[in-house]
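Here's the letter readout for the chains.
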2 protein chains.
Amino acid sequence: MDGAPRREERVIAIHGYSVSGNCHKLRLLLEQMGRHPGRDYRWIETDSAHGATRTPEYLAKNPNGKVPMLELDDGRVLVESNAILHYLAEGTAFLPDDPWQRAQALSWMFFEQYSHEPYIAVARFIRGWTPLDSPRRANELPRCLERGNQALAVMDKHLQSSDWFTGPRYGIADIALFAYTGVAHHGGFELARYPNVSAWLARVRATPGFVEMPAPAPENAALLAASA
Amino acid sequence: MDGAPRREERVIAIHGYSVSGNCHKLRLLLEQMGRHPGRDYRWIETDSAHGATRTPEYLAKNPNGKVPMLELDDGRVLVESNAILHYLAEGTAFLPDDPWQRAQALSWMFFEQYSHEPYIAVARFIRGWTPLDSPRRANELPRCLERGNQALAVMDKHLQSSDWFTGPRYGIADIALFAYTGVAHHGGFELARYPNVSAWLARVRATPGFVEMPAPAPENAALLAASA
C-alpha cells in the first residue's frame, strides 16, 4: 500500500501451540498472505499447556512466558498475538490504509484481548485443558459464560450493519476475533443465539486460503466432550 | 512524521471518568501533545462507577459500555483506550516511525491490557470502589496481587536495558503502562520492590506537560485507606 512503512521481508519463525487460538491467528494470516520467497515462515511447535513456555530458554526470549512469539533470523522477538498480526499485515490488504478504519480495526483487537478472549478462550481452556474435578470449573466458568456472551452480543450488534471488523474488507481484526469465536462451542457458548456472528464465521471460513485450527489432542477432546 | 497517515485535525470529545487510568491515558497524551487550534479536545466526565456508561444513550454509542470513548464532531466514535492513544499519536513523536519499534510499542500496549490492567487496575478498583465487605476482596485480590506482581517483574526486566517502552523515546506505550502503574500502591502493590519501574515512573513524571491523575473522591480515598 502507498505510504505505509514496510516490514523487512525475511524468513521468520513463529513459536506457537497449534491448538491455541492466539497462535492460530498468525498461521491463518501467514497462510492467507501466501508463502513465497521473501515472505516465508517456519512454525516451532511450543506446547504451552505442558510447560514449554516456562523453560529458562523460552523465558530468556519472552519473560512473560506466553505464546505466540515471532522471532526474526537475527534473534529479535515480538510477542502478543495481535501486535504480531498488526506488524505482519502492515502494507497489505489485511490492514486498511485509512487512519480511521485502522483505528477501528485496532479497537476491535483490543476488545478481543480484554472483553472476549479472557472469557471465551478461558472457558474453552478450563473445559478442555483442566481435569474434570478442577475447582476452576465451578469458580470461573459461570463468569466466563456471562462475560463471553456479552462480548458475542457486542459483536452481533456490530455485524448488523457491517460485514467485517477490519473496515470494508476482511482483515486482521476479523482474524483476531475469529480465532476463539470459531471454537466458542468448546467453551459452552451457543453460537446459534448470534445469527450475525454465525454468518460472519461462515464468511471468514470462505475467504481465500482459509485454514481451520487443528483439532485438540485426544485427551483434550475427551475433556471437552465430558464437559458438554 | 514523514510518510505516516495523518488524522484529520478537529475538536474532539473524550468521554471519560477522570480517576480511571484507562481514561487518564488520553488526558495525559492530549495535554502533552498540546492544545492548539485544530488540535483541541473537551472532556465529558462520565462516571462509570455510578452507571453513566450503562444508559441507553451511552450504550447506543458504545455497546460495550466502557470508558474512555473518543467522539468526533460528526458523531463517529472510537473506543478502547489504547486504540485511541494509537490513533491520536499517529504522525507525532509519541509513536515511532520505525515498523519494528512501532510493533514493540503495540506489543507493550497489548501486554498492558491483557497481563497488567486486569490485575493492577482491578485490585485498585476492588480496594477503592467496592464495600469493605465485598466478597471480591477475598475471592479476587490474592490472584490480582500474584499476577500484577508478575507483570511488574516483566516491566522491571525490560527496564534493565531500556529507558522506555515505546522505543528509544517516551511515547504511548509508556503512557498506557504508566496509567495504572503510577497508582499501583492503591491496589496494594509495593513498587519499592521494582527499582527500575520506580525510576521509570519518575522519568515519566518528568516529561514535558505531564499531568497526574486526579485523586479519588473522598469515599474512594476512605476505602483505599481502610484497605491498606
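On a predicted model such as this, the values are computed, not experimentally measured, just so you know.

Draft legend 1. Representation of the pattern of salt bridges in the model. Residues and elements named next belong to chain A. Scanning the entire structure with this criterion turns up twelve salt bridges over all chains. Of the charged contacts in the structure, one is a salt bridge between glutamate 112 and lysine 25, with a shortest N-O distance of 2.9 Å. One end of the pair, glutamate 112, is in helix H4 (residues 99-129); the other, lysine 25, is in helix H1 (residues 21-33), with 87 residues separating them in the sequence. Side by side, glutamate 112 and lysine 25 carry an identical accessibility label, which is buried. Glutamate 140 serves as the salt-bridge partner of arginine 136, at 2.9 Å between the closest nitrogen and oxygen. With a gap of four residues between them, arginine 136 and glutamate 140 both fall in helix H5 (residues 135-158), about one helical turn apart. The partly exposed category is assigned to arginine 136, whose relative accessible area is 27%.

Draft legend 2. How the structure looks around the nonpolar core. Counting 144 residues, the largest nonpolar core has Leu70 and Trp200 of chain A together with Leu70 and Trp200 of chain B as the members making the most contacts within it. Setting aside residues no more than four positions away along its own chain, leucine 70 of chain B makes contact with Trp100 of chain A together with Ile12, Ala13, Ile14, Arg76, Val77, Leu78, Ile84, Tyr87 and Leu88 of chain B.

Draft legend 3. How the structure looks around the confidence of the model for chain A. Residue and element names in this part refer to chain A. Of all residues in chain A, 95% have pLDDT values of 70 or greater, and the mean over the chain is 94. Taken as a whole, residues 1-6 scores under 50 in pLDDT and shows 16 contacts with residues more than four places along the chain or in a different chain. The ipTM for the predicted assembly is 0.95, set against a pTM of 0.95.

Draft legend 4. Geometry of the relation of the copies chain A and chain B. You can overlay chain A on chain B at an RMSD of 0.0 Å; the transform is a turn of 180° with a shift of 0.0 Å along its axis. Both copies of the chain, as the preceding transformation shows, are related through a two-fold rotation axis. Counting the interface residues of chain A, we find that 100% of their copies in chain B are interface residues as well, pointing to one common contact surface.

Draft legend 5. Focus on the interface of chain A and chain B. Counting from both sides, the interface comprises 35 residues of chain A and, opposite them, 35 residues of chain B. Summed over both sides, the interface between chain A and chain B buries roughly 3300 Å², with carbon and sulfur atoms accounting for 68% of that surface. Its largest share of buried area at the contact with chain B, chain A owes to Trp100, Phe110 and Tyr114 of chain A, together 25% of the area lost on that side. Linking chain A with chain B are zero salt bridges. Taken together, the links from chain A to chain B amount to eight residue pairs in polar contact (both at pLDDT 80 or more). At the level of secondary structure, the elements contributing two or more residues to the side of chain A that touches chain B comprise strand E4 (77-79), helix H3 (81-89), H4 and H5 of chain A.

Draft legend 6. Spatial organisation of the sheet that holds strand E2 (residues 41-45) of chain A. Residue and element names in this part refer to chain A. The four strands lie next to each other as E2-E1-E3-E4, forming an open sheet whose pairing is mixed. Both outer strands of the open sheet, E2 and E4, are each paired with one neighbouring strand and no more. Each adjacent strand pair in this sheet contributes to an overall mean axis angle of 20°, direction not counted. As paired strands, strand E3 (residues 69-71) and E4 are joined by three bridges and run antiparallel to one another. Of the residues in E4, the one forming a bridge with methionine 69 is valine 79. Relative to E4, H3 is tilted by about 120°, and along the sheet it contacts strand E1 (12-16), E3 and E4.

Draft legend 7. Expanded view of the packing of aromatic side chains. Applying the stated criterion across every chain yields a total of 19 aromatic pairs over all chains. Plain terms: the ring middles of phenylalanine 165 of chain A and tryptophan 200 of chain A are 5.1 Å apart, the flat faces sit at 85° to each other, and that makes the pair edge-to-face. Placement of phenylalanine 165 of chain A in the loop between H5 and helix H6 (172-181) and of tryptophan 200 of chain A in helix H7 (residues 195-205) is noted, with a sequence separation of 35 residues between them. Neither phenylalanine 165 of chain A nor tryptophan 200 of chain A differs from the other in exposure class; each is buried. Ring centres of phenylalanine 178 of chain A and phenylalanine 210 of chain A lie 5.3 Å apart, and the angle between their planes is 90°; this geometry places the pair in the edge-to-face category. One end of the pair, phenylalanine 178 of chain A, is in helix H6; the other, phenylalanine 210 of chain A, is in the loop between H7 and helix H8 (218-227), with 32 residues separating them in the sequence. On the accessibility criterion, phenylalanine 178 of chain A (3% relative accessible area) is buried. Joined through ring pairs, the aromatic side chains of Trp108, Phe111, Phe165, Phe178, Trp200 and Phe210 of chain A make up one cluster. Here the basic side chain of arginine 27 of chain A rests over the ring of tryptophan 43 of chain A, its NZ or CZ set 3.9 Å away from the ring centre. Lying over the aromatic face of tryptophan 100 of chain A, arginine 76 of chain B brings its terminal NZ or CZ to 4.9 Å of the ring centre.

Draft legend 8. Spatial organisation of the sheet that holds strand E3 (residues 69-71) of chain B. Residue and element names in this part refer to chain B. The four strands are arranged E2-E1-E3-E4 in an open sheet whose pairing can be described as mixed. Of all strands in the sheet, those with a lone pairing partner are strand E2 (41-45) and strand E4 (77-79), marking the two edges. Strand-to-strand twist of the sheet, defined as the mean angle between neighbouring strand axes without regard to direction, takes the value 20°. Contacting strand E1 (12-16) and E2, helix H1 (residues 21-33) runs over the sheet at an angle of about 160° to E2.

Draft legend 9. A look at the side chain of glutamate 117 of chain A. Its place among the elements puts glutamate 117 of chain A in helix H4. Of the side chains with opposite charge, lysine 25 of chain A comes closest to the buried, unpaired glutamate 117 of chain A, at an N-O distance of 6.5 Å. Leave out the neighbours within four places in its chain, and glutamate 117 of chain A touches Asn22, Glu112, Val122 and Tyr180 of chain A together with Tyr114 of chain B.

Analysis parameters
Residues numbered from 1 in each chain as written. Chains lettered and ligands numbered in written order. Predicted model: local features only at pLDDT ≥ 70, side-chain atom pairs only at ≥ 80, totals over all residues. Heavy atoms only, no water. Salt bridge = Lys/Arg side-chain N within 4 Å of Asp/Glu carboxyl O. Helix = DSSP H or I, 4+ residues; strand = E, 2+ residues; numbered from the N terminus. Buried < 20%, exposed > 50% of the residue type's maximum accessible area, 1.4 Å probe, protein only. Core = buried A, V, L, I, M, F, W, Y, C linked by side-chain atoms within 4.5 Å. Contact = heavy atoms within 4.5 Å. pLDDT = per-residue confidence, 0-100. Least-squares fit on C-alpha atoms with pLDDT ≥ 70 in both. Buried area = accessible area lost by both parts, 1.4 Å probe. Polar contact = N/O pair within 3.5 Å; in protein donor to acceptor, adjacent residues only side chain to side chain. Pairing = 2+ DSSP bridges. Axes fitted to C-alpha atoms, helices over the stretch in contact; angles between N-to-C directions. Phe/Tyr/Trp six-rings, centres within 6.5 Å; stacked < 30°, edge-to-face > 60°. Lys NZ or Arg CZ within 6 Å of the ring centre and 35° of its normal. Lys, Arg positive; Asp, Glu negative; His and termini not counted.

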